[in-house]
Amino acid sequence: MGNALALGIVPVGSWINPIISSHLKDKVAGIAHVFSAGEPNLEKILTLKPDLILGSSYQRAIYSQLTQIAPTILAEYQTNEDWKRVLIKQAEALGKSQEAEQLIADYDTRLAQFRIQMGDKLQQIHISVVRIYPEGFALYTNDGFASTILRDAGLAYPPVHDRYENTLIPKERIQDIDADIILIWSYSNSPADEQTIQSTLKNLKNDPLWLQLHAVQQGNVYNVPSYWIGDSILEANAIVDDLFKYLLENTELQS
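Given the structure is predicted, the values throughout are model-derived calculations rather than measurements.

(A) Geometry of the environment of tryptophan 185. By the secondary structure assignment, tryptophan 185 is in strand E9 (residues 181-186). Among the residues examined, tryptophan 185 registers a relative accessible area of 1% and is labelled buried. Between the C-alpha atoms of tryptophan 185 and tyrosine 140, which are 45 residues apart in sequence, the distance is 9.9 Å. Beyond its immediate stretch of four places on either side in the chain, tryptophan 185 contacts Val129, Val130, Arg131, Ile132, Tyr140, Val224, Pro225, Trp228 and Ile229.

(B) Main features of the side chain of serine 232. Note on placement: serine 232 falls in the loop between strand E10 (221-223) and helix H10 (233-248). A distance of 2.2 Å separates the side chain of serine 232 from the side chain of glutamate 235, its partner in a polar contact. Setting aside anything within four residues of it in sequence, one finds serine 232 in contact with Gly2, Asn3, Trp83 and Phe145.

(C) The environment of leucine 52, seen in detail. Mapped onto the secondary structure, leucine 52 falls in the loop between helix H2 (42-48) and strand E5 (53-56). Through-space distance from the C-alpha of leucine 52 to that of leucine 94 is 8.6 Å; in sequence the pair is 42 residues apart. In this view, leucine 52 contacts Ala70, Pro71, Ile73, Ala93 and Leu94; residues no more than four positions away in its chain are not counted.

(D) Up close: the packing of aromatic side chains. Following the criterion strictly, the structure yields 6 aromatic pairs and no others. Arranged with centres 5.6 Å apart and planes meeting at 75°, the rings of phenylalanine 114 and phenylalanine 244 form a pair that is edge-to-face. Placement of phenylalanine 114 in helix H5 (residues 97-118) and of phenylalanine 244 in helix H10 is noted, with a sequence separation of 130 residues between them. Judged by its relative accessible area of 0%, phenylalanine 114 falls in the buried class. Between tyrosine 140 and tryptophan 185, the aromatic rings sit 5.6 Å apart at their centres with planes inclined by 80°, giving edge-to-face as the arrangement. Of this pair, tyrosine 140 sits in the loop between strand E8 (136-139) and helix H6 (145-152) while tryptophan 185 sits in strand E9, and the two are 45 residues apart along the sequence. Classification of tyrosine 140 by relative accessible area gives buried; the value is 12%. In this structure an aromatic cluster arises from ring pairing among Trp83, Tyr107 and Phe145.

Conventions used here
- Residues numbered from 1 in each chain as written.
- Predicted model: local features only at pLDDT ≥ 70, side-chain atom pairs only at ≥ 80, totals over all residues.
- Heavy atoms only, no water.
- Helix = DSSP H or I, 4+ residues; strand = E, 2+ residues; numbered from the N terminus.
- Buried < 20%, exposed > 50% of the residue type's maximum accessible area, 1.4 Å probe, protein only.
- Contact = heavy atoms within 4.5 Å.
- Polar contact = N/O pair within 3.5 Å; in protein donor to acceptor, adjacent residues only side chain to side chain.
- Phe/Tyr/Trp six-rings, centres within 6.5 Å; stacked < 30°, edge-to-face > 60°.

Fair warning: the whole summary comes from geometry, so function is off the table for now.
Below is the structure:
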């Protein structure tokens, strides 16, 4: 959905998660929700009479059924790292290849400006991205959507992150999430999970080891929205907005 909107196409239906898509709330009015229980609702898609269906390789099992409704393009999608290639594939299907190239060029230009404005600080600052789960917390490492954007920005995780591979961190190893900046995000599918997540986060922030972290003592811990687990150029630019906000507007880092 995010890519289609960025390309100037308003879909008749989409997978719309109000938590992840909260930053798109002004753009999704009138777009039908066509997923139920995490799967495409074929009957609902049929009623919308689409001219084209865009999906990912995750929907390969129902490809033949989708093609009976409308021509269907499934972009190969292994992880959220594939988001640029998916954008190009979807743009080709929509006849918007030039627009997609411009979107990526604009994204690259913004990050080039970010790197210039960061200057020498760029090589000195490490960022930890911490995801809070109901059962604990983990470090976001090198195989996801946000990681590609941080790499494009020239930013790095602390070296200790390499040992975790997105696994939960033992409470006694809280110090391993320390960095110059800690960004915290979470995502849940239910109010019950969200309540548990908030309890987990509260316990983390009350832990004496947490209070000893450099980023905590410097006031450089920020909660970021769930679009950090996004998959489109719109979410990518939203993360770039956050980088400008939390790094270039941070007087402590720029001093």
